[in-house]
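For reference, the chains in residue letters:
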Amino acid sequence: MSVCVYFVAGAVVLYLIVYYNVFRGVRGSTSVRLEGKTVIVTGANTGIGKATALLLAKRGARVILACRNKEKAEVAVYDIRRESGNNQVVFMQLDLASLKSVHSFAETFLKTEPRLDILINNAGVMGPGYTEEGFGAAFGVNHLGHFLLTNLLLDRLQRCGHSRVLTVAALLHRFGSIDFPLLASKKDLVSSQSTWHNFQAYCNSKLCNVLFTRELANRLEGTSVTCYSLHPGVVYTELCRSMSLWQQLLIMPFAKLFLMDPEMGSQTTLHCALQEGIEPLSGRYFSNCAVQQVGAKGRDDALAKKLWEWQSETPACCKCHPSSGVCAAHALGGRRESADVADPSL
């Protein structure tokens, strides 16, 4: 009996040590209000995105829920309005698995919304499938759709003074890689749709997020727009909804015991969106509401530039800006030569 008690006690202690030192997140402390500000949150009908949208609405922002599923998004709008007491929460249709939908969203937004202060590229998927244009789902939704969306909305961001672009990446970017010949031949960063390759595709897409933010910061040097990538923590969300039922059941006990809830998972996003004084850190990667060093590939400026140039030449990403007639991805000018983000040690 005593052995059993010791075993249980040891298991509880081990759980507490692992949880509080590895999985438990940090809560942000800023009290910034957002009345008169407009924020877009992609994938805001559930999980971290919904929690982020709610907390921004509570601070007075006009929040645009950019989501694919209209029914779920309208429920989220109702929930957020009720909990926040803020009626300036609206849904706009956006399917990141369709670059045509991204263009349509940007065109509608630019016609109906006079300002954009914060763009939060939050939506993500992990699992098999392809986008409307034939790209692998993880690469197309997690990265390419957000790349195009950001470029199409940059003019509006720049007109609103100090504005920010946040891209939710992940610690798993450290396991990512980019195979350009494979990307050119298969329109994906993995060679098959197996369970392992789906996981690897997710890691690769998160590396793309980090590199995109780094290169975007280089190209926006000297403007009023700053950008940040971030790891939200290990959060229990619907990210794995594309996985098979047995895989979800396998993950669920671990998730319930160790993973953060969406509200805690939104804290680093809120920090990057609201914290004053982090503008000199544009292009950097945050976790637990603090700057963290990215993996070696995430610090590769040459790789970041090559990825930007490759996707800028992708026909669906190279179409003209719907309002200006300027090719969005090519409109950004020169790179900064001597800035914090360009330091290979960062």
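Scroll up to find the structure this text is about.
Remember, it's a predicted structure, so these values are computed and weren't measured experimentally. (Residues numbered from 1 in each chain as written. Predicted model: local features only at pLDDT ≥ 70, side-chain atom pairs only at ≥ 80, totals over all residues. Heavy atoms only, no water.)

**Q** Is there a simple way to explain the packing of helix α7 (residues 195-219) against helix α11 (residues 301-312) in this structure?
**A** Relative placement of two packed helices is described by the angle separating their axes and the distance separating the axes. Remark: α7 packs on α11, axes separated minimally by 9 Å, with the N-to-C direction vectors making an angle of 90°. Considering the angle they form, α7 stands roughly perpendicular to α11. Across the interface between the two elements, Cys208, Leu211, Phe212, Arg214, Glu215, Leu216, Asn218 and Arg219 from α7 touch Asp301, Leu303, Ala304, Lys305, Leu307, Trp308 and Glu309 from α11. (Axes fitted to C-alpha atoms, helices over the stretch in contact; angles between N-to-C directions. Helix = DSSP H or I, 4+ residues; strand = E, 2+ residues; numbered from the N terminus. Parallel < 35°, antiparallel > 145°, perpendicular 65-115°, else oblique. Contact = heavy atoms within 4.5 Å.)

**Q** Just to check I follow, could you spell out the pairing of strand β6 (residues 225-231) for this structure?
**A** Regular strands place side chains that alternate from one sheet face to the opposite one. Counting buried positions along β6 gives 7 out of 7 residues, so the element sits mostly inside the fold. Taking every second residue as pointing to the same face, both faces of β6 are buried, with Val225, Cys227, Ser229 and His231 on one and Thr226, Tyr228 and Leu230 on the other. Pairing analysis gives 6 bridges linking strand β5 (residues 163-168) to β6, with the strands arranged parallel. From the neighbouring strand, Thr167 faces β6, where its bridge partner is Ser229. Two strands pair when backbone bridges link them, and β6 and strand β7 (residues 285-287) are joined in this way by 3 bridges, in the parallel orientation. Opposite His231, over in β7, you have Ser287 as the bridge partner. (Buried < 20%, exposed > 50% of the residue type's maximum accessible area, 1.4 Å probe, protein only. Pairing = 2+ DSSP bridges.)

**Q** Explanation requested: the sheet that holds strand β2 (residues 62-67) in the structure shown.
**A** Pairing between the strands of a sheet comes from backbone hydrogen bonds, and it takes one of two forms, parallel or antiparallel. Read from one edge of the open sheet, 8 strands run β3-β2-β1-β4-β5-β6-β7-β8, paired in mixed fashion. With partners counted over all chains shown, the strands left at the sheet margins are β3 (89-93) and β8 (290-292), one partner each. Here the strands of the sheet are splayed against their neighbours by 25° on average, with no regard to which way each runs. Packed onto the sheet, helix α2 (residues 47-58) meets β1 (38-42), β2, β3 and β4 (118-121) and runs at close to 165° relative to β2. Its contacts with the sheet put helix α4 (residues 99-112) on β1, β2 and β3, and the angle it makes with β3 is roughly 140°.

**Q** Would you mind going over empty space enclosed by the protein with me for this structure?
**A** All chains considered together, the criterion is met by 2 cavities of 30 Å³ or more. Taken as a whole, the largest cavity encloses approximately 60 Å³ of empty space. Along the wall of the largest cavity there are 11 residues; nearest its centre are Arg214, Gly283, Arg284, Tyr285 and Val294. A per-class count over the lining of the largest cavity returns 4 nonpolar, 5 polar and 2 charged. The calculated volume of the second largest cavity comes to roughly 40 Å³. Among the elements of the structure, α5 (137-159) and α7 are those that each provide at least two residues to the lining of the second largest cavity. Top contributing element to the lining of the second largest cavity by residue count: α7, with 3 residues. (1 Å grid on protein atoms, 1.4 Å probe; cavity = no way out; pocket = protein on both sides within 12 Å on 5 of 7 lines; lining within 4 Å. Points joined across faces, edges and corners; volume = space filled by probe spheres on them. Nonpolar A, V, L, I, M, F, W, Y, C, P; charged D, E, K, R; others polar.)

**Q** Would you explain the packing of α5 against α11 in this entry?
**A** One can describe the packing of α5 onto α11 by two numbers: an axis separation of 12 Å at closest approach and a directional angle of 80°. In terms of axis orientation, α5 runs roughly perpendicular to α11. Contacts between α5 and α11 involve Phe139, His143, Leu144, Phe147 and Asn151 from the former and Leu307, Trp308, Trp310, Gln311 and Ser312 from the latter. Of the residues assigned to the contact of α5 with α11, the class counts are 6 nonpolar, 4 polar and no charged.

**Q** Would you mind going over unusual backbone geometry with me for this structure?
**A** Trans peptide bonds make up the majority, and among non-glycine residues the majority have a negative phi. In this model, Lys187 sits at a positive phi of 55°, which is unusual for a non-glycine residue. Judged by its relative accessible area of 31%, Lys187 falls in the partly exposed class. With a phi angle near 50°, Asn288 is a residue other than glycine that sits in the positive phi range. Here Asn288 lies in the loop between β7 and β8.

**Q** I would appreciate a short explanation of the nonpolar core in the present structure.
**A** Side chains of nonpolar character tend, in soluble globular proteins, to be buried together. In this structure, Ile40, Phe105, Phe109, Leu153 and Ile178 are the most contacted members of the largest nonpolar core, which totals 48 residues. For this core, the secondary-structure elements that each account for two or more residues are β2, β3, α4, α5, α6 (180-186), α7, β6 and α11. Take this core: its biggest share by element is 11 residues, from α5. Excluding anything up to four places from it in sequence, Leu153 contacts Ile40, Phe105, Ala106, Phe109, Leu110, Leu116 and Leu119. (Core = buried A, V, L, I, M, F, W, Y, C linked by side-chain atoms within 4.5 Å.)

**Q** Explain the side chain of Ser101 here, please?
**A** Structurally, the position occupied by Ser101 is in helix α4. Given the relative accessible area of 15%, Ser101 is considered buried. Setting aside residues up to four positions removed in sequence, Ser101 forms contacts with Leu94 and Asp95.

**Q** Where do I start with helix α3 (residues 70-84) in this structure?
**A** Note on helix geometry: an α-helix contains 3.6 residues per turn, so any two residues three or four positions apart are oriented the same way. An ideal rise of 1.5 Å per residue puts 21 Å on 15 residues; α3 measures up with 21 Å between its terminal C-alpha atoms. If you check which residues of α3 are buried, you get Ala73, Ala76, Val77, Asp79, Ile80 and Ser84. Buried-residue contacts for α3 involve α2, β2 and β3. Between a side-chain oxygen at the N-terminus of α3 and the backbone nitrogen of Glu71 the separation is 3.1 Å; the capping residue is Asn69. In the stretch just after α3, Gly85 is the one whose phi turns positive, near 70°. (Expected span 1.5 Å × (residues − 1). Polar contact = N/O pair within 3.5 Å; in protein donor to acceptor, adjacent residues only side chain to side chain.)

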